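# Topology and contacts: notes
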Amino acid sequence: MVQKYQSPVRVYKHPFELVMAAYERRFPTCHLIPMFVDSDVISEETSEDQSFHKIERRCKLDVDAPRLLKRIAGVDYVYFIQKNSLNHRERTLHIESHNETFSNRVIIHEICCYSVHPENEEWTCFEQSASLDIKSFFGFESTVEKIAMKQYASSIKKGKEIIEYYLRELEEEGITYLPRWSPCPPSPTKAVVPVVIPALPITPTISIEAPPECLNEIQVCKEGSSSPGSLNDALVASPDDKLDADYIKRYLGDLTPLQESCLIRLRRWLQETHKGKIPKDEHILRFLRARDFNIDKAREILCQSLTWRKQHQVDYLLDTWSSPQVLHDYYTGGWHHHDKDGRPLYILRLGHMDTKGLVRALGEESLLRHVLSINEEGLRRCEENTKVFGRPISCWTCLVDLEGLNMRHLWRPGVKALLRIIEVVEANYPETLGRLLILRAPRVFPVLWTLVSPFIDENTRKKFLIYAGNDYQGPGGLVDYIDKEIIPDFLGGECMCEVPEGGLVPKSLYRTAEELENDEIRLWTETIYQSASIFKGAPHELLIEIIDASSVITWDFDVCKGDVIFNIYHSKRAPQPPRKDPLATHGITSPAGNNVQLIDKSWLLGQDYSMVESPLTCKEGESVQGSHVTRWPGFYILQWKFHSMPACATTNLPRVDDVLATLQVSSHKCKVMYYTEVLGSEDFRGSMTSLESSHSGFSQLSAATTSSSQSQSSSMISREQHVTASPKAHGSSARRPHPGAGAHSRLQVLGHPARSLYSHRKDGYSHLITYLNCNTDNRATSVHTVLKSHMCLRTSIQSAVRSWWRKYTSGIVHESCSWCKAQKPHPRGICAQSAD
C-alpha cells in the first residue's frame, strides 16, 4: 500500500532570501540532524546572469532502525539523491528527492517548494508532498513502513526547531536583511563566480514548520484540483488554494502531520468530485476523527451523509423548520451557556419528559426533525464559541437529568423512536458530543442503558459520565466541568434555567395513526430530489419537453451507488409513456419501481433520436452539476445508464475470474439522486459549480467561497471539468468495493441475450454454467480452473460445477476406465478421467 503525505502551507514571517541563507548553514552536514551524516555534490549548473542555479547532491543518512533489520538488509547507511532548482528571479526553490538505496524494493519520492507569500512579499511559504511505496523488503514490509512513517512524522516537527535555530543565529550575527537578486549588465569576460546554494538535506524525514511568532491569520481558500497521486500537481497549484498551517492550529486544533495530510487529501478529493460547495474543514475533520483518520472509511460515511443532507434539505432546516407548540411546552431540553472548556451546554431533563405523549402527539419523524435542528444549532454555536474563546471548539456538552425516570419511559414505541434518533445522529453528526453528564440515575436506568448502548459508538460511550443520587454535588462531580455560576437551579445552583419543566401531554393532543403517517410522509417527501435505480440493460430516463429554443436544462445529481454513464438525447417526437408494472396491479412493489425507460427498443440512434452531449462517466460518490443550452424545441431525454467495464480484449468470452466475481457481488444495481430544472436563457446565471437554481449548497456546513465563471458553452465546460477530475477520483473511490466488484459488468455471454446478468446471487450458479457451456474450446480446462484454482469457492458452488460436469460427461466412455466400460456408477459419482 502506498503511503502519502501532503503538508499544509507553512508561513515564515521572514523574507525569502533570509530563509535561503538559513538553509545554507545546514550543509554539508547539520549537527541538529543526527541521522544526516554527510552530503556530496554530484553536479551543478548556473545561468550566466546568476538568476538560476541547479545542484544535485548525494546525501548519506544513518537511519534509526533496529540493528537486526540493518544486518538483514546488509547496509549501515541509506543514500538519497536530491535535486535543487533555485530561481532568484521568481524567488522559488523546488526540491525533489528520491532514494538510491533499495530503489528496486522501496520507492520514496518527496517534493518541497519554497516561494514568496502571495499576500506579503516579505514572507516565505513552504509545503511538501511525499509518497512511500514498499514493494518488498525481506518479509519486513509492515515493520519498515511503520518505522519510516514514525520517523518521518517526528522529523517534520523537528524541522521547525532547525529553521528557528539558524534564523536566530543569523540575527545574532546582525544579519536581518539580504538584498534581492537583480540583473547585472553582461561582462565582456566570463568569470567564475562562486554561488552559495541554499539547499535542503535530502531525507524523507526533514520538513519545516512555521515559527510560533507567525500567528497572523491568513485567509484560506479552497485547494486546487489535483491528483492525489501527482506530487508535482500538488505543488504547482495557486497559493490561494492551499490550506494554511496557522489556520489549522487556530480553528481546527493541534493535529499531527499525518492527520493534517489526511484532512488535506480528503478535502481535495471532495473538491474534485463534488463540484458544488463542500463542507467546512471542521465537519470533514469530525468524520476523519470518527474513523481514526482512515481516509477510505471517512470518505464513505461522509459521502453518505452529504447525500442524506442534500436529499432531505437538512442544510436549510434552521430556516425552514418551526417547532410545533407541543414541543415548546413539553419538550424538556434547551441550550444553557457553556461549560468550562467553552463548549456549548445542552440540558435535557429526560425524567420529566413524557416520551409517550410526544410520540403520540407528534410522531417519530417530527421528533427526529426537532433533534436534527438541535444538532444544527449546536454546530452554529460551536463556530461562534470558536471565535469568542479564540481556540477550536468543535463539539458540545450534554447534561441529562434522569430524576423521575420510570417504566413509563420504557414504552416500546418510545424506545424505538429513541434508537432511530441515535442511529441518524451517529451517522451524520459524528464527534459532536464532547462530554455527556448523566445525573441522578435511578434504578431503572441500567435497563434503558442495556437497550441503548449497543447503538452508540464506542468512542462516544467513553465520553459518558454517570452519577447516581446526589454524587454529582461533591468533588469530582458537576463543579469540575461547569462553573458554579451557571449550574441550573433545579440541580442546586443559582442560575435560572429556561428549559421547560415538561409534564404529561394532554390526550386531547394525541393524533391517530393515519394522521401521523400522513404527516411523516409529508415531512420526508418535501425534497426537490428524486431517486432512481439503474440496472444493467435497464437505464433510467427522464423526459423534458422544450418549447422555446435556447432554453437551459440544468441538472444536479449524486451517484449514491455504483458507476453510471450520463447521456442527453433529443427527439422530435414524443416517446411512448412508460409501461406500467404488471406486479403493481396485484399490490406487489417491483424492485425497479423507480426505474423509467422511455426510448423504445425499435428506435434507431441518429434516425429517431440523436445524442446532443458526449457521454459522461460518473463514479460512485461523485456529485455532478451541469447544464445544456438547447438548440431546437422538442423532447430531451436525460439518461443514466449502468456503466459496464470492457470485456477481455483477447476473447469474446468472459474470464473465469470475472465469472466468479459475479458470485461475490451482493448487488447488481446503481442508484442516483437527481434534480433537474428548465430555465430561460435570460434567467440562467451560468454557474457551473454551484448552480444556485439547484439548491445544492451546504448552507450550514460550507463557507460561501465557491465562485463560478460565466460560460456560453456551459455543458461543455462542466463536462471538461468533470472529465479532468474523474481519473483522480477513480483511484480514491468513496466506497471501497468488494474484491472483484465490477467484474460482473464485464460478463458478456454470447448467445444468451435473454438471461439477466444483473440478477440476484441465486442466479450466480447459472452464470457459471452458462460460461462453461459457451467455452467450447476446452471445457475440461475450464472446470479444472474453476475447481482447483479458486479454492475460496463455497462448497455449494463447487457442487454446482461438479453436477454440470457429470451431466456433460454422462455419455462419454473412457477406454482406460473400467467403470465406464462396464457402464456402472462411479464410486465418487464422477469419472476419474473426467475429474482430471
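Residues numbered from 1 in each chain as written. Predicted model: local features only at pLDDT ≥ 70, side-chain atom pairs only at ≥ 80, totals over all residues. Heavy atoms only, no water.

### A look at the overall build of the protein chain
Helix and strand counts for the protein chain come out as 23 helices and 22 strands. Counting only residues that meet the buried cut, the protein chain has 51% of its 836 residues in that class. By sequence separation, contacts in the protein chain at least 24 residues apart represent 77% of the contacts at least 6 residues apart. Counting only carbon and sulfur atoms, one obtains 51% of the accessible surface of the protein chain, whose full area is about 41100 Å². (Helix = DSSP H or I, 4+ residues; strand = E, 2+ residues; numbered from the N terminus. Buried < 20%, exposed > 50% of the residue type's maximum accessible area, 1.4 Å probe, protein only. Contact = heavy atoms within 4.5 Å. Areas by Shrake-Rupley, 256 points an atom, 1.4 Å probe, with all protein chains shown as cover.)

### Concerning the pairing of strand β5 (residues 78-87)
A large share of β5 lies buried, amounting to seven of its ten residues. With ten bridges connecting them, strand β4 (residues 52-61) and β5 associate as antiparallel partners. Bridged to Leu-61 within β5 is Val-78. Sheet topology places β5 next to strand β6 (residues 92-99); eight bridges connect them, and they run antiparallel. Within β6, the position partnered with Leu-86 by the bridge is Leu-93. Here β5 folds back onto β6 in antiparallel fashion, the turn holding four residues, of which Arg-91 has a positive phi close to 60°. (Pairing = 2+ DSSP bridges.)

### Focus: the pattern of salt bridges
Throughout the structure, instances matching the rule amount to 29 salt bridges. Between Arg-420 and Glu-365 there is a salt bridge, with its nearest N and O atoms 2.9 Å apart. Of this pair, Arg-420 sits in helix α13 (residues 412-428) while Glu-365 sits in helix α12 (residues 364-389); the two residues are 55 residues apart in sequence, bridging distant segments of the chain. On the basis of relative accessibility, which here comes to 9%, the residue Glu-365 falls in the buried class. Here Asp-401 makes a salt bridge to Arg-440, at a shortest N to O gap of 2.7 Å. With Asp-401 in strand β11 (residues 396-401) and Arg-440 in the loop between β12 (433-439) and α14 (445-452), the pair connects residues that are 39 residues apart, well separated along the chain. Shared partners join several salt bridges into a network, and the residues in it are Glu-377, Arg-380, Arg-381 and Glu-384. (Salt bridge = Lys/Arg side-chain N within 4 Å of Asp/Glu carboxyl O.)

### Quick notes on the environment of Gly-492
Looking at where Gly-492 falls in the secondary structure, it is placed in the loop between β13 (464-466) and α16 (513-525). Sequence separation between Gly-492 and Gln-473 is 19 residues; the distance between their C-alpha atoms is 8.2 Å.

### Considerations on the packing of aromatic side chains
By the definition in use, this model includes 20 aromatic pairs. Between Tyr-23 and Tyr-114 the ring centres are 5.0 Å apart and the planes differ by 65°, which places this aromatic pair in the edge-to-face class. Of this pair, Tyr-23 sits in helix α1 (residues 16-24) while Tyr-114 is found in strand β7 (residues 106-116), placing the two residues 91 residues apart along the sequence. A ring pair is formed by Tyr-165 and Tyr-166, whose centres lie 5.2 Å apart and whose planes are at 80°; its orientation type is edge-to-face. Classification of Tyr-165 by relative accessible area gives partly exposed; the value is 29%. (Phe/Tyr/Trp six-rings, centres within 6.5 Å; stacked < 30°, edge-to-face > 60°.)

### Digging into the sheet that holds strand β16 (residues 552-561)
Ordered by their spatial adjacency, four strands build an open sheet running β14-β22-β16-β20, and the pairing between neighbours is antiparallel. The two strands at the open ends of the sheet, each matched to only one other strand, are β14 (530-535) and β20 (623-629). Geometrically, the sheet is characterised by an average inter-axis angle of 30° between neighbouring strands, direction not taken into account. Of the strand pairs in this sheet, β16 and strand β22 (residues 669-679) are connected by nine bridges, and their pairing is antiparallel. Residue pairing across strands places Val-559 opposite Val-672, the latter belonging to β22. Packing against the sheet, helix α8 (residues 295-311) makes contact with β14, β16, β20 and β22, and its axis sits at approximately 135° to β16. (Axes fitted to C-alpha atoms, helices over the stretch in contact; angles between N-to-C directions.)

### Looking at the pairing of strand β9 (residues 333-338)
As paired elements, β9 and strand β10 (residues 344-348) share four bridges and run antiparallel to each other. The residue bridging His-338 from the neighbouring strand is Pro-344, located in β10. Taking the residues between adjacent antiparallel strands as the criterion, β9 and β10 are bridged by five residues, where Gly-342 takes a positive phi near 85°.

### Comments concerning the side chain of Ser-533
For Ser-533, the location among the structural elements is in strand β14. Given a relative accessible area of 5%, Ser-533 falls into the buried group. The residues contacting Ser-533, other than those within four sequence positions of it, are His-540, Asn-594, Asn-595, Lys-669 and Cys-670.

So yeah, pure geometry; function would need other evidence.
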